[in-house]
Number of protein chains: 2
Amino acid sequence: MKPVKLGLIGFGTVGSAIEDLINRNGDLLASRIGAGLEIVKVAVRDTTKKRETKLDTALFTDDPFDVVNDPAVQIVVEAMGGESLALELTLQAAKNGKHIVTANKHLLAMRGAEVFAAVGENGVELGFEAAVAGAIPIVRTLRSSFSANRIISLYGIVNGTANYILSKMADEGAPYETALSEAQRLGYAEADPTFDVEGIDSAHKAAILASLAFGTPVDFSDVYVEGVTRITAEDIGMAKEFGYVIKLLAIAKYEREMVEIRVHPAMVACSNPIAKVSGAFNAIEIDCSEGGVNMLVGPGAGGGPTASAMLGDIADIATKILAGSAGKTPSSMSQDPIAVRPMVEIKSRHYLRFTVPDSPGVLAQLAGLLGDNGISIASMMQRGRKADMPVSVVLMTHTALTANLDKALDEIGRLGICSAPTVVIRVEGEEE
Amino acid sequence: MKPVKLGLIGFGTVGSAIEDLINRNGDLLASRIGAGLEIVKVAVRDTTKKRETKLDTALFTDDPFDVVNDPAVQIVVEAMGGESLALELTLQAAKNGKHIVTANKHLLAMRGAEVFAAVGENGVELGFEAAVAGAIPIVRTLRSSFSANRIISLYGIVNGTANYILSKMADEGAPYETALSEAQRLGYAEADPTFDVEGIDSAHKAAILASLAFGTPVDFSDVYVEGVTRITAEDIGMAKEFGYVIKLLAIAKYEREMVEIRVHPAMVACSNPIAKVSGAFNAIEIDCSEGGVNMLVGPGAGGGPTASAMLGDIADIATKILAGSAGKTPSSMSQDPIAVRPMVEIKSRHYLRFTVPDSPGVLAQLAGLLGDNGISIASMMQRGRKADMPVSVVLMTHTALTANLDKALDEIGRLGICSAPTVVIRVEGEEE
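Here goes a summary of the coordinates provided. (Residues numbered from 1 in each chain as written. Chains lettered and ligands numbered in written order. Predicted model: local features only at pLDDT ≥ 70, side-chain atom pairs only at ≥ 80, totals over all residues. Heavy atoms only, no water.)

A few points about the packing of helix H6 (residues 160–172) of chain A against helix H10 (residues 233–241) of chain A
Residue and element names in this part refer to chain A. Across the interface, H6 lies against H10 with an axial gap of 9 Å and an inter-helix angle of 70°. One finds that H6 runs roughly perpendicular with respect to H10. For H6 against H10, the interelement crossing comes out right-handed. Of the residues in H10, those touching H6 at Leu-166, Met-169 and Ala-170 are Ala-233, Ile-236 and Lys-240. (Axes fitted to C-alpha atoms, helices over the stretch in contact; angles between N-to-C directions. Helix = DSSP H or I, 4+ residues; strand = E, 2+ residues; numbered from the N terminus. Parallel < 35°, antiparallel > 145°, perpendicular 65-115°, else oblique. Left-handed = near helix turned anticlockwise from the far one by under 90°. Contact = heavy atoms within 4.5 Å.)

As for unusual backbone geometry
The phi angle at Glu-257 of chain A is positive, at roughly 60°, despite the residue not being glycine. Counting through the fold element by element, Glu-257 of chain A comes out in the loop between strand S9 (244–255) and strand S10 (258–269). Here Glu-257 of chain A falls in the exposed class, since its relative accessible area comes to 65%. At Ala-133 of chain B, a residue that is not glycine, the phi angle is positive and equals roughly 65°. Here Ala-133 of chain B is to be found in the loop between strand S6 (126–127) and helix H5 (138–145). (Buried < 20%, exposed > 50% of the residue type's maximum accessible area, 1.4 Å probe, protein only.)

A short note on the packing of aromatic side chains
All names here are of chain B. Counted according to the given criterion, the structure contains 8 aromatic pairs over all chains. Aromatic pair Phe-11 and Phe-60: ring centres 5.4 Å apart, planes at 90°, arrangement edge-to-face. Residue Phe-11 is found in the loop between strand S1 (4–9) and helix H1 (13–33), and its partner Phe-60 is found in strand S3 (residues 60–61); the two are separated by 49 residues along the sequence. Residue class for Phe-11 comes out buried when judged on its relative accessible area of 9%. Of the residues examined, Phe-60 reaches a relative accessible area of 12% and is grouped as buried. (Phe/Tyr/Trp six-rings, centres within 6.5 Å; stacked < 30°, edge-to-face > 60°.)

Remarks on the pattern of salt bridges
Enumeration according to the criterion identifies 47 salt bridges over all chains in this entry. For the salt bridge of Asp-201 of chain B with Lys-105 of chain B, the shortest nitrogen-to-oxygen distance reads 3.7 Å. Linking Asp-201 of chain B in helix H9 (residues 200–214) with Lys-105 of chain B in helix H4 (residues 105–122), this pair joins segments that are 96 residues apart in sequence. Exposure remark for Asp-201 of chain B: the relative accessible area of 6% places this residue in the buried category. Bridged by salt links that share partners, the residues Arg-32, Glu-129, Arg-140, Asp-313 and Asp-316 of chain A form one connected network. (Salt bridge = Lys/Arg side-chain N within 4 Å of Asp/Glu carboxyl O.)

Quick look at the sheet that holds S1 of chain B
Strand pairs in the sheet, formed through backbone hydrogen bonds, run parallel or antiparallel to each other. Residues and elements named next belong to chain B. The 6 strands lie next to each other as S3-S2-S1-S4-S5-S6, forming an open sheet whose pairing is parallel. The sheet is open, and its two edges are formed by S3 and S6, each paired on a single side. As paired strands, strand S2 (residues 37–43) and S3 are joined by 2 bridges and run parallel to one another. Of the residues in S3, the one forming a bridge with Val-42 is Phe-60. With respect to the sheet, H1 is in contact with S1, S2 and strand S4 (75–78), its orientation differing from that of S2 by roughly 160°. (Pairing = 2+ DSSP bridges.)

Notes on the nonpolar core
Judged by nonpolar contacts, the single largest core of 169 residues is most densely connected at Ile-286 of chain A together with Ile-286 of chain B. Those residues in contact with Ile-286 of chain B that sit more than four places away from it in its chain are Ile-138, Thr-141, Leu-142, Phe-146, Ile-151, Ser-153, Leu-154, Gly-292, Val-293, Asn-294 and Leu-296 of chain B. (Core = buried A, V, L, I, M, F, W, Y, C linked by side-chain atoms within 4.5 Å.)

Some words on the interface of chain B and chain A
The partner chain A presents 50 residues to the 50 residues of chain B that form the contact. At the boundary of chain B with chain A, total buried surface from both sides reaches about 4,000 Å², with 51% on carbon and sulfur atoms. Contact with chain A buries surface across chain B, with Arg-32, Arg-150 and Glu-290 of chain B losing the most and accounting together for 15% of the total. The interface formed by chain B and chain A contains 4 salt bridges. If you look at where chain B meets chain A, you find 23 residue pairs in polar contact (both at pLDDT 80 or more). When residues of the side of chain B that touches chain A are traced back to their parent elements, those giving at least two are H1, H5, strand S12 (292–299) and helix H11 (303–323) of chain B. Here 3 bridges tie strand S12 (residues 292–299) of chain A to S12 of chain B, and the two strands are oriented antiparallel to one another. Bridged to Met-295 of chain A within S12 of chain B is Val-297 of chain B. (Buried area = accessible area lost by both parts, 1.4 Å probe. Polar contact = N/O pair within 3.5 Å; in protein donor to acceptor, adjacent residues only side chain to side chain.)

Quick word on the relation of the copies chain B and chain A
Once chain B has been moved 0.0 Å along the axis and rotated by 180°, it coincides with chain A to within an RMSD of 0.0 Å. Such a combination of turn and shift is consistent with a two-fold rotation axis. If distances are taken from each C-alpha of chain B to the rotation axis, the shortest is found for Leu-296 of chain B, at 2.3 Å. A shared binding surface is used by both copies, with 100% of the interface residues of chain B retained as interface residues in chain A. (Least-squares fit on C-alpha atoms with pLDDT ≥ 70 in both.)

What follows is the structure, encoded as structure tokens:
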């Protein structure tokens, strides 16, 4: 059987891991697919750069359009990233009848509708297991394993950098800056960590997961995003005393005919399995109508896991090419859009930390304004008593509407007694 | 598009859950598949029994061969269980060109080679996600997501009954009998719990997982099986003091060109994620060459999860039928057999509990005979000191060869100082 021909766009950590994996496990893949895999074209930024590769240098080009326009290429493997150029290349590949395997969560989150439409119109396959949580088989699970289920909710720890930082802060009481530096030193965080620590990368994945779970196109601007940069060791310590850990969660929920798609730090009960996922690991907890609550855990990033996920997709598509069925799979991504619930309409319990003077009557003022707005208090803790210094007053609320909480916090702000911004962290996974 | 036609064998918990799920989520399935699903024949033991069903009673038959021989049936859904008759029906279905979806782990573990051969020869599809760990997508993950990986090891908690019993014993210090009765009262254990508590059900799943992970046919008689019936509250308590929990593990490992396939109670470090999987939950930890260590957790049994897994397979096969590619997928199950490592050649750390007289020199005798056989002791604990009563002496060994340990225990037995059988529990997931 003639090998299935691949064209690679990008030959950094992931692209070269794909070549290496084909070299090492090619026999395994061939026995599964029924034919070998052959890389016939590779686009890189600089063709003169020395590389560790067994590929003929004649296959390298500095024009990525050479890959998507090459008549020999059957599957385009996009390991380049970014948005505009990646979109142009993807649309051109689809137009040329080429199947596409990508790890580009940024592209799918921002321009998914265009990509899925092009894939559907041109009858090509799109594999994107690698776009969410490395080798963790979440895309295949939602697309295939759980296809008879209505998905109720997804809670994901989908950014290893943020989870490493929060775990380090929790385990060692380290301040945010120290934990971030350590993550950078270990290679878990990039020199510019903005996408990871501000929650943007998690939000890209939340958008993709929501599309998959609910079959709805997602407008990325509808995704609420809040990162971990304002989380302090104090809040993590307080959380522990209340029996919680703080995790950066990507949340997708379906409730009363609307979806919630949001990324923010959340208090998770220590007894919840997702609370135990620490370090650079990723995890996704899926609550579905028939299969119950399932959790998938694994390393969420890195060349090995990403190449593993991409080759899983490549093998699936290659199998379909040989069976003559590639592009004949109905897409579950083209359903009608479901409205996204605005944050003000979301209900949850909250952790609130006020920085206020340590004087009689202050708690009564806080509790009064919360009560006036229909928010009742489940528990209270005060810390840091020192003469003439502000103290931290921590309140855990019962379930409250965000709009009501916002109003109460606004009124409390106008009292002029808070000497630092009030910390608000949602409690997830429980209502009372 | 004409619906894809199903024939059900068995209409108990699982069979009726499949009908119910098609009734409730038929629209979801149809949008994914591109056509509806229709049940056109159902085999039951007694057609006169009253049933909750929306199906025409004329579709019911008491001869399961009516299902596999019905020209209208495209996919045979086996939800009956057992071995001989199930094999006969499966082979006949394959011969008739029908695709098969089954939850029958017993059949696949005992007669897998015949089933896979028939499926391959007749060019039909076989879906068996439901045969291992309910809705947890382990079969699809091994067959598809991780297809570019060499699997290093699988550790599974794949029997919810045994895990419930061990969790109950650990949490409440309950004796085995009490935990079993409670499991029976809650419906987690059957009236005759033999298959679950003796490890046989777990061993069926271990055999299937090993076949999938390593592409080798498995002779079930090569699987080492030991259940949980001899685990005592004392051993669970001792384990806790050493920092371990006892779990019934299904283990499949590839090492030095041989596989290990075994089911037995094992000491697992409390810090290991699989140690935290409690109650009736199932979990499978997969260590693979590229994707690293991944874990899948979920409810491992029940009508809902089983029907969910079977309908996931049915949808996949229906999609292939419509694309004209059903039966064209190469089977990864037909590779050369890999030798199974005999238990005596397995190395691990061990927990040993001796019941011996509380007198000077006894420990020296035990340690001496262990040492003579090359087994060194990592730690020791003695409990239950009472005048003239035997005591429990617990030793944790360093890594030792089972053959050496067997020899040492045999020699210790011949000393005549042990007043009860010595308890031996392997430590998994660590070597030192």
